[in-house]
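Tertiary structure, described
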Amino acid sequence: MLRTTTISRPTSIDDLLDGRLAARISQLDLASKKIFAGKMKGERRSKKRGESVEFADHRPYVTGDDLRHIDWNIFGRLDRLFLKLFLEEEDLSLHVVIDASASSDCGEPNKFLFMQKAAMALSYLGLANYNRVAATAIGGGPRAEGSISGSIRDLRGKRRALEMGSFLCGLTPEGPTNFGEAAKRISLTRRGRGVMVVLSDFFMKEGYETGLRLLVGRGYDVFAIQVLSPQEVAPEIAGDLRLKDVEDGDMAEVTISAPLIKKYKQNLAAYCDQFRLFCARREITAITVQSDLSVEALILDYLQTRGLLR
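For clarity, every value in this text was computed on a predicted model and none was experimentally measured. (Residues numbered from 1 in each chain as written. Predicted model: local features only at pLDDT ≥ 70, side-chain atom pairs only at ≥ 80, totals over all residues. Heavy atoms only, no water.)

This brings us to the confidence of the model for the protein. Atom-level detail of predicted coordinates should not be read off regions where pLDDT is low. The share of residues in the protein with pLDDT of 70 or more is 83%, and the mean pLDDT across the chain is 83. Looking across the protein, the model is least confident in strand β1 (residues 41–60), with a mean pLDDT of 54, and most confident in helix α5 (residues 161–169), with 96. Residue range residues 37–41 is modelled with pLDDT below 50. Its contacts to residues more than four positions away, or to other chains, number 19 contacts. Note that pLDDT drops below 50 for residues 45–53; the model gives that stretch 32 contacts with residues more than four away or on any other chain. (pLDDT = per-residue confidence, 0-100. Helix = DSSP H or I, 4+ residues; strand = E, 2+ residues; numbered from the N terminus. Contact = heavy atoms within 4.5 Å.)

Looking now at the pairing of strand β8 (residues 239–244). Counting buried residues in β8 gives zero out of six residues, a small share hidden from the surface. By the bridge criterion, six bridges tie β8 to strand β9 (residues 251–256) in an arrangement that is antiparallel. By the bridge assignment for β9, K244 is matched with M251. (Buried < 20%, exposed > 50% of the residue type's maximum accessible area, 1.4 Å probe, protein only. Pairing = 2+ DSSP bridges.)

On to helix α6 (residues 179–189), then. Every buried residue of α6 is accounted for by F179, G180, A182, A183, I186 and S187. When α6 is viewed along its axis, its buried side chains cluster within an angular range of 160° and face the same direction. At its buried positions, α6 is contacted by β3 (93–99), β4 (132–138), β5 (148–155), β6 (194–200) and α7 (209–216). (Arc of directions from axis to C-beta.)

Turning our eyes to something else, we now look at the packing of aromatic side chains. Summed over all chains, the structure comprises eight aromatic pairs. Judged by centre distance (6.2 Å) and plane angle (90°), the ring pair of F179 and F202 falls under edge-to-face. Here the residue F179 occupies a position in helix α6, and F202 occupies one in the loop between β6 and α7, the gap between them amounting to 23 residues. On the basis of relative accessibility, which here comes to 0%, the residue F202 falls in the buried class. (Phe/Tyr/Trp six-rings, centres within 6.5 Å; stacked < 30°, edge-to-face > 60°.)

To describe two helices that pack against each other, one gives the angle between their axes and the distance between the axes. Where helix α4 (residues 111–128) meets helix α10 (residues 295–303), the closest approach of the two axes is 9 Å, and the angle between their N-to-C directions is 60°. Classified by the angle between their axes, α4 and α10 sit oblique to one another. Taken as a pair, α4 and α10 cross one another with a handedness that is right-handed. Residues F114, K117, A118, A121 and L122 of α4 touch α10, and the partners they reach there are V295, L298, I299 and L303. Across the contact of α4 with α10, the residue classes tally to eight nonpolar, no polar and one charged. (Axes fitted to C-alpha atoms, helices over the stretch in contact; angles between N-to-C directions. Parallel < 35°, antiparallel > 145°, perpendicular 65-115°, else oblique. Left-handed = near helix turned anticlockwise from the far one by under 90°. Nonpolar A, V, L, I, M, F, W, Y, C, P; charged D, E, K, R; others polar.)

So, about the pattern of salt bridges. On inspection of all chains with the given rule, the structure shows seven salt bridges. Between R24 and E296 there is a salt bridge, and its shortest N-O distance comes to 2.4 Å. Of this pair, R24 sits in helix α2 (residues 19–25) while E296 sits in helix α10, and the two are 272 residues apart along the sequence. Residue class for E296 comes out buried when judged on its relative accessible area of 19%. Where D201 meets K111, a salt bridge forms, and the shortest distance between an N and an O atom there is 2.9 Å. Highlighted residues: D201 in the loop between β6 and α7 and K111 in helix α4, separated in sequence by 90 residues. By the burial criterion, D201 is buried, and K111 matches it. Counted as one network, the salt bridges with shared partners bring together R20, R24 and E296. (Salt bridge = Lys/Arg side-chain N within 4 Å of Asp/Glu carboxyl O.)

In this section: the sheet that holds strand β7 (residues 221–228). Judged by pairing direction, the sheet is mixed, and its six strands sit side by side in the order β5-β4-β3-β6-β7-β10 without closing on themselves. The strands lining the two open edges of the sheet, one partner per strand, are β5 and β10 (285–290). Between one strand axis and the next, the sheet turns by 15° as a mean value, whatever way the strands run. Running at roughly 175° to β3, α4 makes contact with β3, β4, β5, β6, β7 and β10 of the sheet. The strands that α10 touches are β7 and β10; relative to β10, the one it contacts most, it runs at about 140°.

This paragraph deals with the environment of C279. Tracing the sequence through the fold places C279 in helix α9 (residues 258–281). Looking at C279, the relative accessible area reads 0%, which means it is buried. Not counting the four nearest positions on each side in its chain, C279 is found in contact with L212, A224, I284 and A286.

Laid out in structure tokens, this is it:
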């Protein structure tokens, strides 16, 4: 796939997220199939007993319990001391991982620009609901360390949206990606538990399996969004071509014919099916979208119906 050469890079949050979409998605909130114990009080129900106003259960009083939580109505009827337990409200973390390797910078519309806009929309949604938001860019740029070219974390509240926008606008897709190495570093340094969204084409020579296994460990609820360009799904090329891998420079000479295109589409469909099956077996929600899909449709039609948003 040819690298995009005429793309206009975003320079501000306004280039990634328009006000109308921001207002609409701020009405939504993150959801998870799992219930986590957050670090800070938030607006989310958990299994942990705490100090909200929502009643959860009773338990017998034991020496040392706070007398203010005794249910005196129960004592009046049973002559026994019971404590009232309430659901604790906690925050949920959102970690967005974006593939900033050279192969993401392809297609029309550009795949990486689509990922930037999707990452900004999801981050804004999380910030608007006072979730803890982090983002990590994986790729092989000159500042990359262990296949991670940048990260930002511990953002809360709408006022931090400008920082997230500045981070995403500052990313330049380049170099190869060692997804397994990047995932190992992310899993070792992430804080708390919550939802992780991985945006990538998942075309990795070393494979995506090891990386996804590492990311889903320790209880994270992982969503994998595979982004392909329309030209990757239905290429319109023909003739004798010399192809060069934009990441490692590998060369291949091929003659593009109709039967070869048909075989390519079959292989691509099988690869995507295998990717989704691998994810399903590990409780990872996986979807494949094209970069000509609007971010609004991704958020409201795809992610909301698959349980990431409510």
